[in-house]
Amino acid sequence: MSAARRAVDEPLRLRFPRLLLSDGLRLLAGGLGLAVAYFTVPLTVPELGATGKLLAAIGAVAALAWAVVGTVRRGATLSRLLVLLMTVVVVFSLVFLLLAQTSPGQFEGLEIRVDALYFTLTTMTTTGYGDVHAVGQGARLAVSAVFVFDMLFLALLATAVGRSVQGLSKKR
């Protein structure tokens, strides 16, 4: 009997622990890989100029939009949403760091990678302690993009949870 056929015949309650473990391991590996890349990839920033900064920002937002659309098309499962969230945290952290490095005065208190990661997480969770904050207009636009992503992400998360609950109630 093929593995696919066994998966269909095997009750979900027996498969669930294996599925959870494999998803958990993939999420852990993906998260660790993103963290290692974030902290080890060298960032040498030549003077980009206003046009270069604008193109880089548009490229980052376009890449994130592509990732969101791809997640929705493949089915916004909880594990895919977590991978998307981790990716977005790393991308926005890099955007904030590069913006702070190329345009001094855009941020108050953002100097190193940990500062950028901290600022991204406090912004995305709407904690916002105020010790690191956007000052310049470019930084405020970038932070506004985080707010838009947050709204989209929460909508996708609510939809995924609703589908999961609906699927479980139909199986009973």
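Just above sits the structure.
About the thresholds
- Residues numbered from 1 in each chain as written.
- Predicted model: local features only at pLDDT ≥ 70, side-chain atom pairs only at ≥ 80, totals over all residues.
- Heavy atoms only, no water.
- Helix = DSSP H or I, 4+ residues; strand = E, 2+ residues; numbered from the N terminus.
- Contact = heavy atoms within 4.5 Å.
- Areas by Shrake-Rupley, 256 points an atom, 1.4 Å probe, with all protein chains shown as cover.
- Core = buried A, V, L, I, M, F, W, Y, C linked by side-chain atoms within 4.5 Å.
- Buried < 20%, exposed > 50% of the residue type's maximum accessible area, 1.4 Å probe, protein only.
- Phe/Tyr/Trp six-rings, centres within 6.5 Å; stacked < 30°, edge-to-face > 60°.
- Expected span 1.5 Å × (residues − 1).
- Axes fitted to C-alpha atoms, helices over the stretch in contact; angles between N-to-C directions.
- Parallel < 35°, antiparallel > 145°, perpendicular 65-115°, else oblique.
- Left-handed = near helix turned anticlockwise from the far one by under 90°.

**Student:** Got a sec to walk through the overall build of the chain? Specific residues and values, please.
**Tutor:** Broken down by element type, the chain carries 6 helices and 2 strands. Start at the N end of the chain and walk to the C end: the helices and strands fall as α-α-α-α-β-α-β-α. When contacts within the chain are restricted to residue pairs at least 6 apart in sequence, those whose partners lie at least 24 apart make up 68%. Total accessible area on the chain stands at roughly 11100 Å², and carbon and sulfur atoms take up 69% of it.

**Student:** Requested: an account of the nonpolar core, with residues and values cited.
**Tutor:** With 29 residues, the main nonpolar core has F96, F107, L110 and F149 as its most contacted residues. Within the residue set of this core, elements represented by two or more residues are α3 (49-74), α4 (78-102), α5 (113-124) and α6 (137-171). Sorting elements by how many residues they give to this core places α4 first, with 10 residues. Those residues in contact with F149 that lie beyond four places of it in its chain are V68, L84, L85, V88, F92 and M124.

**Student:** An account of unusual backbone geometry is needed here, citing residue identities and associated values.
**Tutor:** Positive phi, close to 55 degrees, is recorded for T126, a residue that is not glycine. With respect to the secondary-structure elements, T126 resides in the loop between α5 and β2 (133-134).

**Student:** I'd like a description of the packing of aromatic side chains, backed by residues and values.
**Tutor:** Throughout the structure, instances matching the rule amount to 7 aromatic pairs. Centre to centre, the rings of F96 and F119 are 5.1 Å apart; their planes meet at 70 degrees, and the pair counts as edge-to-face. Of this pair, F96 sits in helix α4 while F119 sits in helix α5, placing them 23 residues apart in sequence. Taking relative accessible area as the criterion, F119 reaches 5% and is therefore assigned buried.

**Student:** Which residues make up α5, and what values go with them?
**Tutor:** With 12 residues, α5 should cover 16 Å at 1.5 Å per step; its first-to-last C-alpha distance of 16 Å lies within 8% of that length. Buried within α5 are the following residues: R113, A116, F119, T120, T122, T123 and M124. Following α5 by one or two positions, T126 has its phi on the positive side, about 55 degrees.

**Student:** Break down the packing of α4 against α5 for me, with residues and values.
**Tutor:** Where α4 contacts α5, the axes come no closer than 8 Å and their chain directions differ by 125 degrees. Considering their axes alone, α4 and α5 lie oblique with respect to each other. Crossing geometry of α4 relative to α5 is assigned as right-handed. Packed against α4, whose contacting residues are L85, V88, V89, F92, S93, F96 and L97, the element α5 presents R113, A116, L117, F119, T120, L121 and M124 at the interface.

**Student:** Describe the environment of V95, naming the residues involved and giving the relevant values.
**Tutor:** Relative to the assigned elements, V95 resides in helix α4. V95 sits in the partly exposed class, given a relative accessible area of 22%. The sequence separation of V95 and A139 amounts to 44 residues, and the corresponding C-alpha distance is 9.4 Å.

**Student:** Break down the side chain of T71 for me, citing the residues and quoting the values.
**Tutor:** Within the secondary structure, T71 is located in helix α3. Dropping the residues within four chain positions of it, T71 is found in contact with A76, R80, L81 and L84.

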